[in-house]
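Working through the structure, step by step
The primary structure of each chain is shown beneath.
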2 protein chains.
Amino acid sequence: MEKNALLAERNRGFFRAKKLLVLNVVSSPGSGKTTFIRETAVRLGARLRVGVIVGDLATDNDAAKLRTAGIPVIQITTGTVCHLDADMVSKAARQLDLDQLDVLVIENVGNLVCPADYDLGEDLRVVLLSTTEGEDKPLKYPPMFHSAQVAVVTKGDLAAAAGFDRAQALANLQRVSHHAEVFELSAKTGEGMNAWLDFLAAQHAAAQSERT
Amino acid sequence: MEKNALLAERNRGFFRAKKLLVLNVVSSPGSGKTTFIRETAVRLGARLRVGVIVGDLATDNDAAKLRTAGIPVIQITTGTVCHLDADMVSKAARQLDLDQLDVLVIENVGNLVCPADYDLGEDLRVVLLSTTEGEDKPLKYPPMFHSAQVAVVTKGDLAAAAGFDRAQALANLQRVSHHAEVFELSAKTGEGMNAWLDFLAAQHAAAQSERT
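Below: a short report on this structure. (Residues numbered from 1 in each chain as written. Chains lettered and ligands numbered in written order. Predicted model: local features only at pLDDT ≥ 70, side-chain atom pairs only at ≥ 80, totals over all residues. Heavy atoms only, no water.)

Points about the overall build of chain A
Going by this rule: Comment: elements are numbered from the N terminus, with helices defined as DSSP H or I runs of at least four residues and strands as E runs of at least two. Atoms considered for the radius of gyration are the C-alpha atoms alone. The globule rule reads 2.2 Å times the number of residues to the power 0.38. Burial classes follow relative accessibility: with a 1.4 Å probe on protein chains only, a residue under 20% of its type's maximum area counts as buried, one over 50% as exposed, and anything between as partly exposed. In what follows, residue pairs with any heavy atoms lying within 4.5 Å of each other are defined as contacts. When charges are counted, neither His nor the chain ends are considered; positive counts come from Lys and Arg and negative counts from Asp and Glu. Note that the charge is assigned to NZ on lysines, CZ on arginines, CG on aspartates and CD on glutamates.
In terms of regular secondary structure, chain A is built from nine helices and seven strands. Relative to the compact-globule value of 17 Å for 212 residues, chain A shows a C-alpha radius of gyration of 16 Å, a close match. Seen through its principal axes, chain A has C-alpha atoms that stretch 45 × 40 × 35 Å. Taking all 212 residues of chain A together, the buried fraction comes to 59%. Restricting the contact set of chain A to residue pairs at least 6 apart, pairs at least 24 apart contribute 74%. Separation of charge centres in chain A, based on 23 positive and 26 negative side chains, amounts to 3 Å.

Some words on helix H3 (residues 61-68) of chain B
Selection criterion: This arc is taken over the directions from the axis of the helix to the C-beta atoms.
Among the residues of H3(B), those classed as buried are Asp62(B), Ala63(B) and Leu66(B). The arc that holds the buried residues of H3(B), viewed along the axis, is 100 degrees, so those residues lie on one side. Looking at the buried side of H3(B), the elements it contacts are helix H5 (137-140) of chain A together with helix H2 (33-44), strand S2 (50-56), strand S3 (73-77) and strand S4 (103-107) of chain B. Just downstream of H3(B), Gly70(B) is the residue with a positive phi angle, here 85 degrees.

What about the state of the cysteines?
Residues and elements named next belong to chain A. Let me state the cut-off plainly: Disulfide: a pair of cysteine sulfur atoms within 2.5 Å of each other.
This structure, assessed with the given rule, holds two disulfides over all chains. Here Cys82 is linked by a disulfide to Cys114, with a sulfur-sulfur distance of 2.3 Å. Across the disulfide from Cys82 to Cys114, rotation about the S-S bond amounts to roughly -110 degrees, and the bridge is consequently left-handed. Taken together, the positions of Cys82 in the loop between strand S3 (73-77) and helix H4 (86-93) and Cys114 in the loop between strand S4 (103-107) and strand S5 (124-130) put the pair 32 residues apart, joining distant regions of the chain. Here Cys82 falls in the buried class, since its relative accessible area comes to 12%.

Brief notes about the packing of aromatic side chains
Cut-off, in case you're wondering: For Phe, Tyr and Trp, where Trp contributes only its six-membered ring, two rings pair if their centres lie within 6.5 Å, and the inter-plane angle classes them as stacked under 30 degrees, edge-to-face over 60, or tilted in between.
On inspection of all chains with the given rule, the structure shows ten aromatic pairs over all chains. An aromatic cluster of three or more residues is present, and its members are Phe36(A), Phe183(A), Trp196(A) and Phe199(A).

Brief notes about empty space enclosed by the protein
For clarity, the cut-off: We place a 1 Å grid over just the protein atoms. Points where a 1.4 Å probe fits but has no way out form a cavity, open points with protein on both sides within 12 Å along at least 5 of 7 lines form a pocket, and any residue with an atom within 4 Å of a point lines it. Grid points are joined across faces, edges and corners, and a volume is the space filled by probe spheres set on the points. Note on residue classes: Ala, Val, Leu, Ile, Met, Phe, Trp, Tyr, Cys and Pro are nonpolar, Asp, Glu, Lys and Arg are charged, and everything else, Gly too, is polar.
Within the structure shown, the criterion is met by one cavity of 30 Å³ or more. Pro29(A), Gly30(A), Ser130(A), Thr132(A), Glu133(A), Lys155(A), Pro29(B), Gly30(B), Ser130(B), Thr132(B), Glu133(B) and Lys155(B) together form the lining of the largest cavity. Across the lining of the largest cavity, the residue classes break down as two nonpolar, six polar and four charged.

Some details on the sheet that holds strand S1 (residues 21-26) of chain B
All names here are of chain B. Quick reminder of the rule: Two strands qualify as a pair provided DSSP detects at least 2 bridges between them. Whenever a helix is involved, its axis is fitted only over the stretch in contact; in every case the axis is a line through C-alpha atoms, and angles between N-to-C directions fall within 0 to 180 degrees.
Across the sheet, which stays open at both edges, the seven strands sit in the order S3-S2-S4-S1-S5-S6-S7 with parallel pairing between neighbours. Edge strands, defined here as strands with exactly one partner in the open sheet, are S3 and strand S7 (181-184). Taken over all neighbouring pairs, the strand axes of this sheet differ in orientation by 20 degrees on average, direction set aside. As defined by bridge partners, S2 adjoins S3 across five bridges and the pair is classed as parallel. Residue pairing for S3: Gly55 is matched across the bridge by Ile76. Its contacts with the sheet put helix H4 (residues 86-93) on S2, S3 and S4, and the angle it makes with S3 is roughly 145 degrees.

Focus: the nonpolar core
Selection rule: Side-chain atoms within 4.5 Å are what join buried Ala, Val, Leu, Ile, Met, Phe, Trp, Tyr and Cys residues into a set we call a nonpolar core.
Counting residues in each nonpolar core, the largest one holds 44 residues, and the members touching the most others are Val127(A), Tyr141(A), Phe145(A), Val127(B), Tyr141(B) and Phe145(B). Among the elements of the structure, S5, helix H6 (142-147), strand S6 (150-154) and helix H8 (166-176) of chain A together with strand S5 (124-130), helix H6 (142-147), strand S6 (150-154) and helix H8 (166-176) of chain B are those that each provide at least two residues to this core. Counting 32 residues, the second-largest nonpolar core is a separate cluster that includes Leu48(A), Ile71(A), Val103(A) and Ala187(A).

Here's the deal with the pairing of S4(B)
All names here are of chain B. Counting buried positions along S4 gives five out of five residues, so the element sits mostly inside the fold. Pairing between S1 and S4: five bridges, direction parallel. The partner of Leu21 across the bridge, within S4, is Val103.

So, helix H9 (residues 193-211) of chain A
The condition that has to hold: Each residue after the first adds 1.5 Å to the expected span of a helix.
With 19 residues, H9(A) should cover 27 Å at 1.5 Å per step; its first-to-last C-alpha distance of 27 Å lies within 8% of that length. By the burial criterion, the buried members of H9(A) are Met193(A), Trp196(A), Leu197(A), Phe199(A), Leu200(A), Ala201(A), His204(A), Ala207(A), Gln208(A) and Arg211(A).

Thoughts on the interface of chain B and chain A
One frequent convention defines the size of an interface as the accessible area lost when the parts assemble. Convention followed: Using a 1.4 Å probe, buried area is obtained as the accessible area two parts lose upon being combined, added over both of them. A pairing counts as a salt bridge when a side-chain nitrogen of Lys or Arg comes within 4 Å of a carboxyl oxygen of Asp or Glu. Under the rule applied, a polar contact is a pair of N or O atoms within 3.5 Å (in protein, one hydrogen donor and one hydrogen acceptor; residues adjacent in sequence only if both atoms are side-chain atoms).
Each partner contributes to the interface: chain B provides 32 residues, whereas chain A provides 32 residues. Both sides of the chain B and chain A interface together cover about 2,500 Å² of buried area, and 59% of this is carbon and sulfur. Taken together, the connections running from chain B to chain A amount to six salt bridges. The shortest N-O distance in the salt bridge between Asp136(A) and Lys65(B) comes to 3.9 Å. Taken together, the connections running from chain B to chain A amount to eight residue pairs in polar contact (both at pLDDT 80 or more). Breaking the side of chain B that touches chain A down by element, the ones donating at least two residues are H3, helix H5 (137-140), H6 and helix H7 (159-162) of chain B.

Some remarks on the pattern of salt bridges
Residue and element names in this part refer to chain A. Using the criterion set out here, one finds 32 salt bridges over all chains in the structure. As a salt-bridge pair, Arg166 and Glu184 come within 2.5 Å of each other at their nearest N and O atoms. Here Arg166, found in helix H8, pairs with Glu184, found in strand S7 (residues 181-184); they are 18 residues apart in sequence, far enough to count as distant. On the basis of relative accessible area, Arg166 is assigned to the partly exposed category, the value being 46%.

Okay, here's the thing in structure tokens:
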């Protein structure tokens, strides 16, 4: 863990030198991370070039989905390990042409517990909460939600069918992640995506001005 | 881990002496474990008496939901630990009046990775896969799905809205959990619950005849 903290800081320095904005995207399995990342990358298009590192226990399904959309992607398979660590990310990042990218998105293993303790050297930790999971998840997984700078409510298109209690969900996020920027969207329909993309572009611009 | 294996066997012996059928219910966060367990207990009613041990990192929301339905329940909060272990279950079980129960359901922490390695002394491991999570989850979390004797596809009522590919999901379950009994249901609407309850009653009866 202490070794991971050091390697994460090394990653952070490396990514800063490469002028990359780096996101660590975490959530439950099936909250829609891959679709969210794909739509983010595709919609940013030429505005900001996005590369992705994907972590899963097994399969390269997510990498294949992203690659089909023309996104540069490296898949990490962790075997039985329930999170990515800074060393895995460092090795995977070297396989991407980072000089051609503005934003590096790390899609962590689907898990609301283990990844909370592992800094990867990211600028922003982005936690997803899908409307079909239930509004109580921030209260039930406080370390993860508390550690995130951004919370994104996904699958807005399923909110009504799932009986999602939006007010309660936002209140729970406010309670556990009161410091976090909150976005509500559907990557599937595109609703709410623009506010998220504008935020990302502003974060990227701010990081650039800090680093030059 | 080795200590857990021994304690799990001790639990198994203890539960057998108490003539309990014990389920370890695992899934992603938000797959509907609590609603599934509540509906199982309520619908079994006088046929079989069900008690529950619930594991969460934080809150006793799930225990409160079950208690409101008249179900005997003990909540374990694990802090930052991503799974229950045999010792936690042993201590919690002692707080229930086991002689008044036929079935003990253990609702594990919502996590498709960590709980796979921890035997709790259960008779059946039951993994839930909700229609809103995506059909690829068995392939992406093979240790958990492979370790289960029963797989339950939940949230059938949301399958159409979520664009759930049922044939693909069943093929993926068949590939990773080919030995598992598969049920498809909606705890919310009740559809498909009877087949599951009949299976449970048959498992309980079989266990009783073995143990006398």
